[in-house]
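# Observations on the model geometry
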Amino acid sequence: MRVLVVGTGGREATIGWKLKNDPKVKKIFFAKGNASTQEYGENIYEDSIPELVEFAIREKIDLTIVGPEAPLVEGIVDKFKAEGLKIFGPNSKAASLEGSKAFSKKFMQTYGIKTAQAQVFEVYQEALDYVKNHNFPLVIKASGLAGGKGVVICENLEEADAVVHDFMIRKIHGDAGIKIIIEDFLQGFEASIICFSNGETLFPCIPVKDYKKVGEKDQGMNTGGMGSVAPSPEFNGMHYADFEKNIMLPTIEGLKKENLDFKGFIYFGLMVTPEGCHLLEYNMRLGDPETQALLPLLENSLVDVINDCMEGKPVELKFADQKAVCVVMVSGGYPGNIETGLKIKGLNNVEALCLMAGARKGGDNYYTTGGRVLNVVGFGDSYEAARKQVYDNIKKISFDYGFYRHDIGLFEQKK
Ligand code: AMP
Ligand code: GLY
């Protein structure tokens, strides 16, 4: 098979790492890829959807896997399918479950999917009146895609007024923020459940924990993800039964009734409170950095699973009985302003899986190109063993101002 992977991050590097040893996969192209993916296959310059369609036809691509949300929402699947090309992912209508929080909240409410109470606003004054009469904290979300920066937890009225103003009037997220969702704050722990969809039903992977905050002990700003652990040690069988009954099954019903059924990934972002699992969001793709901890534990061939899903067949997912811990090394200043082009040192001494994200190769050297620069993933029979492998190795890597969290996978000790 000739496979095209769309995306540039650690998630796409992990897909490439998983595919590169698959005897069925003869060649992998990455659009546009990064420093790791160029070692697993070939990075290409084509980027826009029409360019990628043309590339897939010209290069006789047998399967395209899409990493990030933006091309899905933009309709990459619709365009590929129109040319008879095989692509794993939702069409743009189904991708709206991620691309429009107003649409996905309505979907959740219609199909009785357990979620936080919320209201959608398009009129500035109505949103202001609503927050005035609401308890705090409350959560304000831009409806559209805002690169992970469109959700703010407000502690008081002054803050909420400012956020509503920033989103709806100042338009700091452009059109993504002119429609907003105001929802009740939920207190609990988060879990990510990623499922394969074969168009009929969903096949869940093991639950993963993602670390969103930049600082140790979950302090500071939200980020694209500072690390991940699979399986999540917090999410037990009881939580799973609750998720299946109150979230996954009604989602499958809703997808069918709304003609949103698709073959691809669907990711449930959950908040587990004392009242059970609540759905915070759908992502219509693999998570990043969840994938870095999850896919290496998947024992099935990824292309076999995807091919079966594409044919509407059932799949039986098998995961190694191991723990995986992924730590993300980021640029100084992240998630704010960062400097790029910095030389990454010490990579030759690393004896763990190292998946590049915001990094490029120049000659024999590696240089930073983004906020999340690289991922180191460790495995073991215990979280401690996996942690040790990661931290013994990530400390060998350095670049100016680079940093990472030291507490990824540590929560097991609290139990
Ligand atoms: P979302 O993009 O909707 O998943 O929100 C991003 C992050 O904001 C989540 O991963 C949570 O950490 C936080 N969040 C979102 N909604 C809520 C909520 N209703 N209560 C508490 N935290 C939330
Ligand atoms: N890790 C969260 C996401 O991929 O959106």
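Residues numbered from 1 in each chain as written. Chains lettered and ligands numbered in written order. Predicted model: local features only at pLDDT ≥ 70, side-chain atom pairs only at ≥ 80, totals over all residues. Heavy atoms only, no water.

So, on to the overall build of the protein chain. For the protein chain, the count of helices and strands is 13 helices and 21 strands. On C-alpha atoms alone, the protein chain measures out to a radius of gyration of 21 Å, which is about the 22 Å that the 2.2 N^0.38 rule sets for 415 residues. By the burial criterion, 57% of the 415 residues in the protein chain qualify as buried. Within the protein chain, contacts between residues separated by at least 24 positions form 68% of all contacts whose residues are at least 6 apart in sequence. Counting only carbon and sulfur atoms, one obtains 48% of the accessible surface of the protein chain, whose full area is about 17700 Å². Of the charged side chains in the protein chain, 48 are positive and 56 negative; the average position of the first set lies 3 Å away from that of the second. (Helix = DSSP H or I, 4+ residues; strand = E, 2+ residues; numbered from the N terminus. Rg over C-alpha atoms; globule rule 2.2 N^0.38 Å. Buried < 20%, exposed > 50% of the residue type's maximum accessible area, 1.4 Å probe, protein only. Contact = heavy atoms within 4.5 Å. Areas by Shrake-Rupley, 256 points an atom, 1.4 Å probe, with all protein chains shown as cover. Lys, Arg positive; Asp, Glu negative; His and termini not counted. Charge placed at Lys NZ, Arg CZ, Asp CG, Glu CD.)

On to the site of ligand 2, then. Close contacts around ligand 2 come from Asp 210, Tyr 267, Asn 283, Arg 285, Gly 287, Asp 288, Pro 289 and Glu 290, and that covers them all. In this structure, a nitrogen atom belonging to ligand 2 sits 2.9 Å away from a side-chain N or O atom of Asp 210. Within the backbone of Asp 288, a nitrogen or oxygen atom sits 2.9 Å from a nitrogen atom of ligand 2. Considered on its own, ligand 2 offers 200 Å² of accessible surface; in the complex 86% of this is hidden by protein. Across the shell around ligand 2, the residue classes tally to two nonpolar, two polar and four charged. (Near = heavy atom within 4 Å. Polar contact = N/O pair within 3.5 Å; in protein donor to acceptor, adjacent residues only side chain to side chain. Nonpolar A, V, L, I, M, F, W, Y, C, P; charged D, E, K, R; others polar.)

Tracing the backbone through its elements, the reader meets Ile 180 in strand β9 (residues 180-184). In this structure Ile 180 comes out as buried when scored by relative accessible area, which is 0%. Considered as a pair, Ile 180 and Lys 81 are 99 residues apart in the sequence and their alpha carbons are 32 Å apart. Contact partners of Ile 180, with chain neighbours within four places excluded, come to Gln 119, Val 120, Phe 121, Ala 127, Ile 140, Lys 141, Ser 143, Val 164, Phe 167 and Met 168.

Our focus in this paragraph is helix α6 (residues 92-99). Every buried residue belonging to α6 is among Ala 94, Ala 95, Leu 97, Glu 98 and Gly 99, and all of these are buried. Looking at the buried positions of α6, the neighbouring elements they touch are α4 (69-74), α7 (101-110), α10 (237-257) and β15 (276-283).

Mapped onto the present numbering, the UniProt feature "domain: ATP-grasp" (unreviewed entry) falls on residues 105-311. Helix and strand shares over residues 105-311 are 30% and 33% respectively, and the end C-alpha atoms of the span are 30 Å apart. (UniProt positions renumbered as here; feature names shortened; annotations may be inferred.)

Okay, the nonpolar core next. Among the nonpolar cores identified, the biggest contains 48 residues, and Leu 19, Phe 196 and Leu 317 are the most heavily contacted of them. Sorting elements by how many residues they give to this core places helix α12 (residues 302-310) first, with six residues. In terms of nonpolar packing, the next biggest core, distinct from the first, is built from 27 residues, Ala 191, Phe 268, Leu 270 and Val 272 among them. (Core = buried A, V, L, I, M, F, W, Y, C linked by side-chain atoms within 4.5 Å.)

In this section: the side chain of Asp 22. Here Asp 22 shows up in the loop between α1 (10-20) and β2 (27-32). The buried charged residue Asp 22 lacks any salt bridge, with Lys 24 as its nearest oppositely charged partner at 5.1 Å. A distance of 2.7 Å separates the side chain of Asp 22 from the side chain of Ser 301, its partner in a polar contact. When residues no more than four places from it in sequence are discounted, the contact partners of Asp 22 are Ser 301, Leu 302 and Val 303. (Salt bridge = Lys/Arg side-chain N within 4 Å of Asp/Glu carboxyl O.)

In the vicinity of ligand 1, 14 residues are found, and the nearest of them are Lys 141, Glu 183, Asp 184, Leu 186 and Glu 190. One nitrogen or oxygen atom from the side chain of Lys 212 is found 3.1 Å from an oxygen atom belonging to ligand 1. When isolated, ligand 1 has an accessible area of 480 Å², and the protein chains bury 91% of it. Put simply, the parts of the chain that give the shell around ligand 1 at least two residues each are β7 (138-142), β8 (151-154), β9 and β15. Class assignment of the residues belonging to the shell around ligand 1 gives a composition of seven nonpolar, no polar and seven charged.

Spatially, four strands are ordered β6-β9-β7-β8 in an open sheet, and the strand pairing comes out antiparallel. Of all the strands in the sheet, just β6 (118-121) and β8 have a single pairing partner and so form its edges. Direction aside, neighbouring strands of the sheet carry axes that sit 20° apart on average. Relative to β8, β7 runs antiparallel, the two sharing four bridges. Across the sheet, residue Val 139 finds its bridge partner in β8, namely Ile 153. (Pairing = 2+ DSSP bridges. Axes fitted to C-alpha atoms, helices over the stretch in contact; angles between N-to-C directions.)

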